[in-house]
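Per-entry structural report
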Amino acid sequence: MRKCYTRPCNFYYGNYARRLIEKKKALSLTGRSNIAFDQVEVFHRKKKKIAESKFYSIKEIKQLDKEISQTIEKDLKNITSKEESILGLKFDTPLIIGALNITPDSFSDGGLFFEETKAYDQAKLMINSGATIIDIGGESTRPGSKTIDEKDEWQRVKNTIIKLKKNFPKILLSLDTRKSYVMSNGIENGVDIINDVSGLNLDKRSFDLINSKKKPFILHHMQGTPATMQNNPTYEDVLLDIFDFFEKKINFFAKKNYRKETIILDPGIGFGKNLDHNLRLMSKISIFYSLGCPILIGTSRKRFIEHIVTKFDTPDRTGGTLASVLYGLSQGVQLFRVHNVKEINQGILVFNKILNTN
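A few points on the structure. For clarity, every value in this text was computed on a predicted model and none was experimentally measured. (Residues numbered from 1 in each chain as written. Predicted model: local features only at pLDDT ≥ 70, side-chain atom pairs only at ≥ 80, totals over all residues. Heavy atoms only, no water.)

Once that is clear, we can look at the overall build of the chain. Summing up its helical and strand segments, the chain has eleven helices and twelve strands in all. By the compact-globule yardstick of 21 Å for 358 residues, the chain fits well, its C-alpha radius of gyration being 20 Å. Based on the C-alpha atoms only, the size of the chain along its principal axes is roughly 60 × 45 × 45 Å. Looking at the chain as a whole, 54% of its 358 residues qualify as buried. A separation of at least 24 residues holds for 69% of the contacts in the chain among residues at least 6 apart in sequence. Counting only carbon and sulfur atoms, one obtains 51% of the accessible surface of the chain, whose full area is about 16600 Å². Separation between the mean location of the 57 positive side-chain charges and that of the 41 negative ones in the chain comes to 4 Å. (Helix = DSSP H or I, 4+ residues; strand = E, 2+ residues; numbered from the N terminus. Rg over C-alpha atoms; globule rule 2.2 N^0.38 Å. Buried < 20%, exposed > 50% of the residue type's maximum accessible area, 1.4 Å probe, protein only. Contact = heavy atoms within 4.5 Å. Areas by Shrake-Rupley, 256 points an atom, 1.4 Å probe, with all protein chains shown as cover. Lys, Arg positive; Asp, Glu negative; His and termini not counted. Charge placed at Lys NZ, Arg CZ, Asp CG, Glu CD.)

One full turn of an α-helix is made of 3.6 residues, so residues set three or four places apart face in the same direction. The terminal C-alpha atoms of helix 3 (residues 116–128), which comprises 13 residues, lie 18 Å apart, in line with the 18 Å expected from a rise of 1.5 Å per residue. Listed in full, the buried residues belonging to helix 3 are Ala119, Tyr120, Gln122, Ala123, Met126 and Ile127. The arc that holds the buried residues of helix 3, viewed along the axis, is 160°, so those residues lie on one side. Facing away from the buried side of helix 3 by over 90 degrees, the exposed positions are Thr117 and Asn128. Looking at the buried residues of helix 3, the elements they touch are strand 5 (95–101), strand 6 (133–137), helix 4 (150–167) and helix 11 (341–355). Backbone geometry just after helix 3 places Gly130 at a positive phi near 115°. (Expected span 1.5 Å × (residues − 1). Arc of directions from axis to C-beta.)

Alternating residues of strand 8 (residues 193–196) divide into Ile193 and Asn195 and Ile194 and Asp196, and every residue in both groups is buried. With three bridges connecting them, strand 7 (residues 172–176) and strand 8 associate as parallel partners. Paired with Asp176 across the strands is Asn195, a residue of strand 8. Read as a crossover between parallel neighbours, the route from strand 7 over helix 5 (residues 180–188) to strand 8 is right-handed. (Pairing = 2+ DSSP bridges. Right-handed = clockwise from strand over helix to strand, strands pointing away.)

Here eight strands make up an open sheet; going across it, the order is 10-9-8-7-6-5-12-11 and the pairing parallel. At either end of the open sheet lies a strand with only one pairing partner, and these are strand 10 (263–266) and strand 11 (296–297). Sheet topology places strand 6 next to strand 7; five bridges connect them, and they run parallel. Among the inter-strand pairings, Asp135 is bridged to a residue of strand 7, identified as Ser174. With respect to the sheet, helix 3 is in contact with strand 5 and strand 6, its orientation differing from that of strand 5 by roughly 170°. Across the sheet, helix 10 (residues 318–330) touches strand 11 and strand 12 (335–338), and the angle it forms with strand 12 is around 170°. (Axes fitted to C-alpha atoms, helices over the stretch in contact; angles between N-to-C directions.)

With respect to the secondary-structure elements, Ser184 resides in helix 5. A residue is classified by how much of its surface remains accessible, and Ser184, at 23% relative accessible area, is partly exposed. Separated by 105 residues in the primary sequence, Ser184 and Tyr289 place their C-alpha atoms 30 Å from one another.

Moving on, we come to the pattern of salt bridges. What the rule picks out here adds up to 21 salt bridges. A salt bridge links Asp176 to Arg337; the shortest N-O distance between them is 3.6 Å. In this pair, Asp176 is assigned in strand 7 and Arg337 in strand 12, connecting sequence segments 161 residues apart. For Arg337, a relative accessible area of 17% corresponds to the buried category. With a closest N to O distance of 3.8 Å, Arg259 and Glu261 form a salt bridge. (Salt bridge = Lys/Arg side-chain N within 4 Å of Asp/Glu carboxyl O.)

With a probe scaled to a water molecule rolled over the atoms, the places where space remains empty come into view. For the second largest pocket, the calculated volume is near 280 Å³. Lining the second largest pocket are 14 residues, with Arg2, Lys74, Asn78, Glu247 and Asn251 sitting closest to its centre. Those elements giving two or more residues to the lining of the second largest pocket turn out to be helix 2 (66–80) and helix 7 (238–255). Of the residues assigned to the lining of the second largest pocket, the class counts are four nonpolar, four polar and six charged. (1 Å grid on protein atoms, 1.4 Å probe; cavity = no way out; pocket = protein on both sides within 12 Å on 5 of 7 lines; lining within 4 Å. Points joined across faces, edges and corners; volume = space filled by probe spheres on them. Nonpolar A, V, L, I, M, F, W, Y, C, P; charged D, E, K, R; others polar.)

Further remarks concern empty space enclosed by the protein. As enumerated under the stated definition, the model contains one cavity of 30 Å³ or more in all. Considered as a void within the structure, the largest cavity measures approximately 100 Å³ in volume. As for the largest cavity, its lining consists of Tyr13, Arg32, Asn34, Ile35, Asp92, Leu329, Gln334, Asn352, Leu355 and Asn356. Residues of the lining of the largest cavity, tallied by class, amount to four nonpolar, four polar and two charged.

Below, the discussion takes up the nonpolar core. With 84 residues, the main nonpolar core has Ile134 and Phe288 as its most contacted residues. Per element, the largest residue contribution to this core is nine residues, and it comes from helix 7. Not counting residues up to four positions away in its chain, the partners in contact with Ile134 are Gly98, Leu100, Ala123, Met126, Ile127, Ile171, Leu172, Leu173 and Ser174. Formed by twelve residues, the second largest nonpolar core is a distinct cluster that contains Leu89, Leu95, Ile97 and Ile193. (Core = buried A, V, L, I, M, F, W, Y, C linked by side-chain atoms within 4.5 Å.)

Written as structure tokens, this is what we have:
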């Protein structure tokens, strides 16, 4: 178990970030020249309590206790190292993942794209609106949902995957599934990335399949199962508990000769978390850069938005989704899974332009 955890913070952007990096007054985040930081927040666990943290400038790190400073220096190597491209994806600009639920019962769009023609048309619309990846799922994982038969799940998504691969060969397809049977069929039909919300925990054959095919995957965190995950989720410290979950998984995969450079981390906003958990994860999201992997957030239309805005809630929750995406972008996050691709892309383009103009 770690004694301390490192989060980059106090960010700078655009030309000002470049000047600070050149003058060695700040460090680059993941090798990007347009985002820099000059402080870290260091967390120390306390039993059965939210972790205590202190802020240090990058110059103060060497003055700390040797064991702590060595951990921070190791983390900083991951935080500042340039992220390798995954399937040609470069993480120096924001990337949008379009969520396509081919289900009758997903939490926000269940039934809307259950027919093959509607599913394909929606994927085409998201691609034309700026999505780089289409994430296709045939089983709802909303709170309270039940597991469906693997063959039924595959039949729901099969034809849409085949048609998209044929007509949009340059668009990457991610398959949102917890079952190795569906993964295997998807990979055989051109799926590029696996997205398993169980964190490869439901089906023990999943990792061996992904490893044998050397497929990139999204390592997602969920406490419990979709049927139980919102039944009083509990953590010692949600931020550090999920960090430990990711680190343990990455170390296990490394022993199996799977490279962490092809893993994308998703802390699973709304999957076995209450409002306080979600807010802590979002506000401290940059801590996960200490693990040396790209970060993805999926806040689109999630219920935590309703819990914040109460009477100002809307069916699509576009405003709340966009706010969470832009905050993530300011913290260096570059992958966003959303439903309303055009609106979110518009917000990202404007925000990013302003952020990098100075």
